[in-house]
2 protein chains.
Amino acid sequence: MKVLVLGGDGFCGWPTALHLSARGWDVTIVDNLSRRNIDNELEIQSLTPIRTMGERIAAWQELTGRTIGFVNMTVGKEFDRLVSLLKDERPDSIVHFAEQRAAPYSMKSARHKLYTVDNNLNATHHLLAAMVESGSDAHLAHLGTMGVYGYGTAGLKIPEGYLTVTVDTDNGPCRQEILFPANPGSIYHMTKTQDALLFQFYARNDGVRITDLHQGIVWGAQTEETRKDERLINRFDYDGDYGTVLNRFLMQAAVGYSLTVHGTGGQTRAFIHIQDTVRCIELALNNPPAPGDRVKILNQMTESRRVRDLAAMVAQMTGAVVETVANPRQEADENELVVANDQFRDLGLSPITLAEGLMQDVTGIARRYADRADLSKIACVSAWNAKRAEAVEAAKPAAPARTADVTPIRAVVA
Amino acid sequence: MKVLVLGGDGFCGWPTALHLSARGWDVTIVDNLSRRNIDNELEIQSLTPIRTMGERIAAWQELTGRTIGFVNMTVGKEFDRLVSLLKDERPDSIVHFAEQRAAPYSMKSARHKLYTVDNNLNATHHLLAAMVESGSDAHLAHLGTMGVYGYGTAGLKIPEGYLTVTVDTDNGPCRQEILFPANPGSIYHMTKTQDALLFQFYARNDGVRITDLHQGIVWGAQTEETRKDERLINRFDYDGDYGTVLNRFLMQAAVGYSLTVHGTGGQTRAFIHIQDTVRCIELALNNPPAPGDRVKILNQMTESRRVRDLAAMVAQMTGAVVETVANPRQEADENELVVANDQFRDLGLSPITLAEGLMQDVTGIARRYADRADLSKIACVSAWNAKRAEAVEAAKPAAPARTADVTPIRAVVA
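Residues numbered from 1 in each chain as written. Chains lettered and ligands numbered in written order. Predicted model: local features only at pLDDT ≥ 70, side-chain atom pairs only at ≥ 80, totals over all residues. Heavy atoms only, no water.

Asker: Sorry, what's going on with the overall build of chain A here?
Answerer: Regarding its fold elements, chain A presents 14 helices and 14 strands. Its C-alpha atoms give chain A a radius of gyration of 21 Å, near enough to 22 Å, the size a compact globule of 414 residues would have. The principal-axis extents of the C-alpha atoms in chain A amount to approximately 65 × 65 × 40 Å. Looking at chain A as a whole, 63% of its 414 residues are labelled buried. Sequence separation of 24 or more characterises 83% of the internal contacts of chain A that already satisfy a separation of 6 or more. Of the side-chain charges in chain A, 43 are positive and 50 negative, and the distance between the mean point of each set is 3 Å. (Helix = DSSP H or I, 4+ residues; strand = E, 2+ residues; numbered from the N terminus. Rg over C-alpha atoms; globule rule 2.2 N^0.38 Å. Buried < 20%, exposed > 50% of the residue type's maximum accessible area, 1.4 Å probe, protein only. Contact = heavy atoms within 4.5 Å. Lys, Arg positive; Asp, Glu negative; His and termini not counted. Charge placed at Lys NZ, Arg CZ, Asp CG, Glu CD.)

In structure tokens:
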């Protein structure tokens, strides 16, 4: 079985490529290395010493005998090359990670907003149009986000993509299943709601088989495969733009800084471990929608947690102090979030929970590579609008103070 | 009061610019002349001899003493120029027509799909980001389409943008008002549903005041102002890509051809006369949402008609014959469409009806300029997908036959 992994150099893409290759898929990565280029722009680097794509692939072949292909291409800008690639490779499946994926980066400035919309929308649309143009019947699995839902209605368990509603009509109440009304919290999240409209259209008009994975916030860094050899190591982002909340807390704890919680920390979010991410993608590829089916939507998350509870959990494990800072995001201070994930449960997913897995590999990574960290980059400085920027500015110093009496990382896991 | 009319060289944009100028607005048109360039690509021209922008503006000044500004700019590609323009002009209102607006053109080929998404999404997003970047507090009125709704539910009167639904929750039934679930019928229509998500986000995150006008199919060609002098004449499209259904019927009748109805002609569509379009835009500009309001959505249409009924009406007036051809569009053969337009009614709109206005100016135009017509361009040849393309091909000759015993245009209106 042949699979293209678009965005296969990134945080989720690289471990996905290895996971699928290890399970016998013939993998070709398509990536323009934009994530590495953004590191250059932001003057930051992965905490982990990620290798070049050439070295990664060579190491994988040396260790396993398996070949992974690599095409350096900007999906969304090189349509003819993309069509040729689909015609030449005839993939059975395509995994689409080829989008700018950080909400704070998408809100940094007008230029970053424009880049995110242009990059993400054109990537998704070029891919769909190229599939039709090339006559591909591949199954497309797209990495979306839980953020398309917004934060819902009290008492409503967030369903998987579609919501049953009752509409009053002249003929009486009418029950309908609709795409869950979008309520994105950033330009990045908004692009995923726009992607969803592209998927609905191409599934209906052209019969493209599509699975959209509404993923929670990913934590952890390593998977079974990336752990095999340091040359395969996954990227680990801890900066205010690309670092996800939990990984930033663990990094802050590792270097003996206080954990910076935005506002009340009452935001409830959905989470998933990177190892479960790659398992979910494999499950999704092995269970595609049938021809003619509507877009299949799965919630790719394993548990919901309030941010302040996560901070407390990390503080308890590490002895770090929790500090409250002004929230740069335009969002509610507090929200509930209960999410259905029955489909992946039914497919056999047995998740790694925060309670049991929190300290594994992450603290190991944070400690091992702490000397590579630029601590000035941990604070979230991208404000959602002028009002939030003022609030953050007024509350400075937002940079977390060193908490002198904290011993970095008390809980040590091999 | 200062207004920018983005896309002010087009079919709706030009008469809007004149209408607002005549009523005392200080108008600047922003346009990259893309509609004229697409005429070059399609090897077609407006039936009416439209003048260059320079001649149009000079004629208007000569006739009325009023000045209209013109900036040749691609909204969506020249962000810094757009920000500078907003800072320099400080418009009170912005009317946004700067999008590719033909569904058949958007479905012509992969390249046309890519162009439409890239052009329309970036135009709308650059505009919104530039408004925030420049600190503009202008009211933005956007030309959307009735096509965002799809064709609804039996017994449901299409509301204006928002739909009240009941959702079952653990706390019992919960009534909510949501953005009407999108169901676009072409790539073009889909871009307008993606625009809607941009509007929702920027209104909520940045407080941008936005009115989205969900317009029906426009018929007619001239307004009070474009009729004043031939140098001000509006464009009239009769080709299979840009000609709207009613204008194509009138053109077919004018030259003695049969009226080509797609499939059963059972598609019900919403219509509005171009004169009412410009009136509605003026009403919308004079009644902006308040700061902090949600996006204001108005249905800019005045009546719904079934396509075969329109053909019968034109046939009765002109003696033309109605002919059925394979439908190149992926759509239902028959649909109902009942639409609320209370907001414009309440603002005093008194519409021109098809029954009273059908033959005015349109047949005049069709007759006067018939010698400029390229009859080979009337048929709709852009198929929505491979299956529809096959059906159209199998049913050829799709080009309407000349109906010899029909006298072109029996009803003559001055």
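Past the structure itself, the notes keep going.
Asker: I'm lost on the interface of chain B and chain A in this one. Help?
Answerer: The extent of an interface is frequently quoted as the accessible surface area lost upon association of the parts. The interface of chain B with chain A comprises 51 residues on the first partner and 51 residues on the second. If you sort the residues of chain B by the area they bury against chain A, Leu114, Leu197 and Phe201 of chain B come out on top, with a joint share of 15%. Between the two partners, chain B and chain A, sit two salt bridges. With a closest N to O distance of 3.4 Å, Asp168 of chain A and Arg175 of chain B form a salt bridge. Remark: the boundary between chain B and chain A carries 16 residue pairs in polar contact (both at pLDDT 80 or more). Counting residues per element, the ones that place at least two in the side of chain B that touches chain A are helix 6 (110-134), strand 6 (162-169), strand 7 (172-179) and helix 7 (187-206) of chain B. Considering every element that reaches the side of chain B that touches chain A, the biggest residue donor is helix 6 of chain B, with twelve residues. Considering only residue class, the side of chain B that touches chain A consists of 25 nonpolar, 18 polar and eight charged. (Buried area = accessible area lost by both parts, 1.4 Å probe. Salt bridge = Lys/Arg side-chain N within 4 Å of Asp/Glu carboxyl O. Polar contact = N/O pair within 3.5 Å; in protein donor to acceptor, adjacent residues only side chain to side chain. Nonpolar A, V, L, I, M, F, W, Y, C, P; charged D, E, K, R; others polar.)

Asker: Is there a simple way to explain the nonpolar core in this structure?
Answerer: Nonpolar side chains tend to gather and get buried jointly when the protein is soluble and globular. Among the nonpolar cores identified, the biggest contains 112 residues, and Ile94 of chain A together with Ile94 of chain B are the most heavily contacted of them. Those residues in contact with Ile94 of chain B, other than ones at most four positions away along the chain, are Val3, Leu4, Leu6, Leu86, Leu127, Met131, Ala138, His139, Leu140 and Ala141 of chain B. (Core = buried A, V, L, I, M, F, W, Y, C linked by side-chain atoms within 4.5 Å.)

Asker: For this particular structure, what's the right way to read the environment of Ser46 of chain B?
Answerer: All names here are of chain B. Relative to the helices and strands, Ser46 resides in the loop between helix 2 (34-42) and helix 3 (53-64). The buried category is assigned to Ser46, whose relative accessible area is 2%. Each C-alpha atom, one on Ser46 and one on Tyr105, is 16 Å from the other, the two residues being 59 residues apart in sequence. A distance of 3.0 Å separates a polar atom in the side chain of Ser46 from the backbone nitrogen of Phe236.

Asker: What is the right way to read empty space enclosed by the protein from this model?
Answerer: All names here are of chain A. With the rule as written, the count across this model stands at three cavities of 30 Å³ or more. The volume enclosed by the second largest cavity comes to roughly 40 Å³. What lines the second largest cavity is Phe11, Arg101, Asp237, Tyr242, Thr244 and Asn247. Partitioning the lining of the second largest cavity into residue classes produces two nonpolar, two polar and two charged. (1 Å grid on protein atoms, 1.4 Å probe; cavity = no way out; pocket = protein on both sides within 12 Å on 5 of 7 lines; lining within 4 Å. Points joined across faces, edges and corners; volume = space filled by probe spheres on them.)

Asker: I would appreciate a short explanation of the sheet that holds strand 1 (residues 2-6) of chain B in the present structure.
Answerer: In a beta sheet, neighbouring strands pair by backbone hydrogen bonds and run either parallel or antiparallel. All names here are of chain B. Within the open sheet, the seven strands sit side by side as 3-2-1-4-5-8-12. Their pairing is parallel. The open sheet has two edge strands with one neighbour each: strand 3 (68-72) and strand 12 (296-300). On average, each strand axis in the sheet is inclined to that of its neighbour by 20 degrees, with strand direction left out of account. In the packing of helix 7 onto the sheet, the strands contacted are strand 5 (139-145) and strand 8 (209-215), and the crossing angle to strand 5 comes to about 155 degrees. (Pairing = 2+ DSSP bridges. Axes fitted to C-alpha atoms, helices over the stretch in contact; angles between N-to-C directions.)

Asker: Mind showing me how you'd approach the sheet that holds strand 8 (residues 209-215) of chain A here?
Answerer: Residues and elements named next belong to chain A. Ordered in space as 3-2-1-4-5-8-12, the seven strands form an open sheet in which the pairing is parallel. Looking at strand neighbours, the two that pair on one side only are strand 3 (68-72) and strand 12 (296-300), the edges of this open sheet. Within the sheet, the average angular offset between the axes of one strand and its neighbour, ignoring direction, is 20 degrees. Direction of pairing for strand 8 relative to strand 12: parallel, over a ladder of five bridges. By the bridge assignment for strand 12, Asp212 is matched with Ile297. Sitting on the sheet, helix 3 (residues 53-64) touches strand 2 (26-31) and strand 3, and the angle it makes with strand 3 is about 170 degrees. The strands that helix 6 (residues 110-134) touches are strand 1 (2-6), strand 4 (93-96), strand 5 (139-145) and strand 8; relative to strand 4, the one it contacts most, it runs at about 170 degrees.

Asker: How should the packing of helix 8 (residues 245-254) of chain B against helix 10 (residues 307-318) of chain B be read in this particular structure?
Answerer: Describing two packed helices takes the angle between their axes plus the distance from one axis to the other. Residue and element names in this part refer to chain B. Where helix 8 contacts helix 10, the two axes come as close as 10 Å, and the packing angle between them is 30 degrees. On the basis of the axis angle, helix 8 is roughly parallel to helix 10. Remark: the crossing between helix 8 and helix 10 carries right-handed chirality. Seen from helix 8, the contacting residues are Val245, Leu246, Phe249, Leu250 and Ala253; seen from helix 10, they are Val307, Leu310, Ala311, Val314 and Thr318. Broken down by class, the residue content of the contact of helix 8 with helix 10 amounts to nine nonpolar, one polar and no charged. (Parallel < 35°, antiparallel > 145°, perpendicular 65-115°, else oblique. Left-handed = near helix turned anticlockwise from the far one by under 90°.)

Asker: When you look at the pattern of salt bridges in this model, what are you seeing that I'm missing?
Answerer: Where side chains of opposite charge bring their charged atoms close, a pairing between them can arise. All names here are of chain B. For the structure on display, the rule yields 56 salt bridges over all chains. Ionic pairing is found between Arg111 and Glu41, a salt bridge with its closest N-O pair at 3.2 Å. Within this pair, whereas Arg111 is found in helix 6, its partner Glu41 is found in helix 2, the two being separated by 70 residues in sequence. Here Arg279 and Asp276 are joined by a salt bridge, their closest N and O atoms 2.9 Å apart. Of the two residues, Arg279 and Asp276 both sit in helix 9 (residues 274-286), three residues apart, roughly one turn of that helix. On the accessibility criterion, Arg279 (31% relative accessible area) is partly exposed. Residue classification places Asp276 among the buried positions, given a relative accessible area of 0%.

Asker: Looking at this structure, I do not really get the pairing of strand 1 of chain A. What am I missing?
Answerer: Side chains on a regular strand alternate between the two faces of the sheet. Residues and elements named next belong to chain A. Across the five residues of strand 1, four count as buried, placing the element largely inside the fold. The pairing of strand 1 with strand 2 spans five bridges and is parallel. Each residue of the ladder has a partner; that of Leu6, found in strand 2, is Val30. Regarding topology, helix 1 (residues 13-22) serves as the crossover connection from strand 1 to the parallel strand 2, and that connection is right-handed. Here strand 1 runs beside strand 4; their pairing, made up of four bridges, is parallel. Residue Leu6 lies in a different strand from strand 4, and its bridge partner there is His96. (Right-handed = clockwise from strand over helix to strand, strands pointing away.)

Asker: Looking at this structure, I do not really get helix 2 (residues 34-42) of chain A. What am I missing?
Answerer: Since the α-helix turns once every 3.6 residues, residues separated by three or four places project in the same direction. Residue and element names in this part refer to chain A. Within helix 2, burial applies to Arg35, Arg36, Ile38, Asp39 and Leu42. Taken around the axis of helix 2, the buried residues stretch over an arc of 155 degrees, which confines them to a single face. Close packing links the buried residues of helix 2 with helix 3, helix 5 (103-106) and helix 6. Looking one or two residues beyond helix 2, the residue adopting positive phi is Glu43, at roughly 55 degrees. (Arc of directions from axis to C-beta.)

Asker: Hey, could you run me through the relation of the copies chain B and chain A in this one?
Answerer: Taken together, a rotation about one axis and a shift along it account for how the two chain copies relate. Rotating chain B by 180 degrees and moving it 0.0 Å along the rotation axis overlays it on chain A with an RMSD of 0.0 Å. Seen this way, the second copy is the image of the first under a two-fold rotation axis. Here 100% of the contact residues of chain B are again contact residues in chain A; the copies associate through an equivalent surface. (Least-squares fit on C-alpha atoms with pLDDT ≥ 70 in both.)

Asker: How do you make sense of unusual backbone geometry when you look at a structure like this?
Answerer: With glycine set apart, most residues show a phi of negative sign, and most peptide bonds adopt trans. Even without being glycine, Glu43 of chain A reaches a positive phi, approximately 55 degrees. You can see Glu43 of chain A is positioned in the loop between helix 2 and helix 3.

Asker: For this particular structure, what's the right way to read the environment of Ala254 of chain A?
Answerer: All names here are of chain A. For Ala254, the position within the fold is in helix 8 (residues 245-254). A relative accessible area of 8% places Ala254 in the buried class. Here the alpha-carbon distance between Ala254 and Ile365, two residues 111 residues apart in the chain, equals 9.4 Å.

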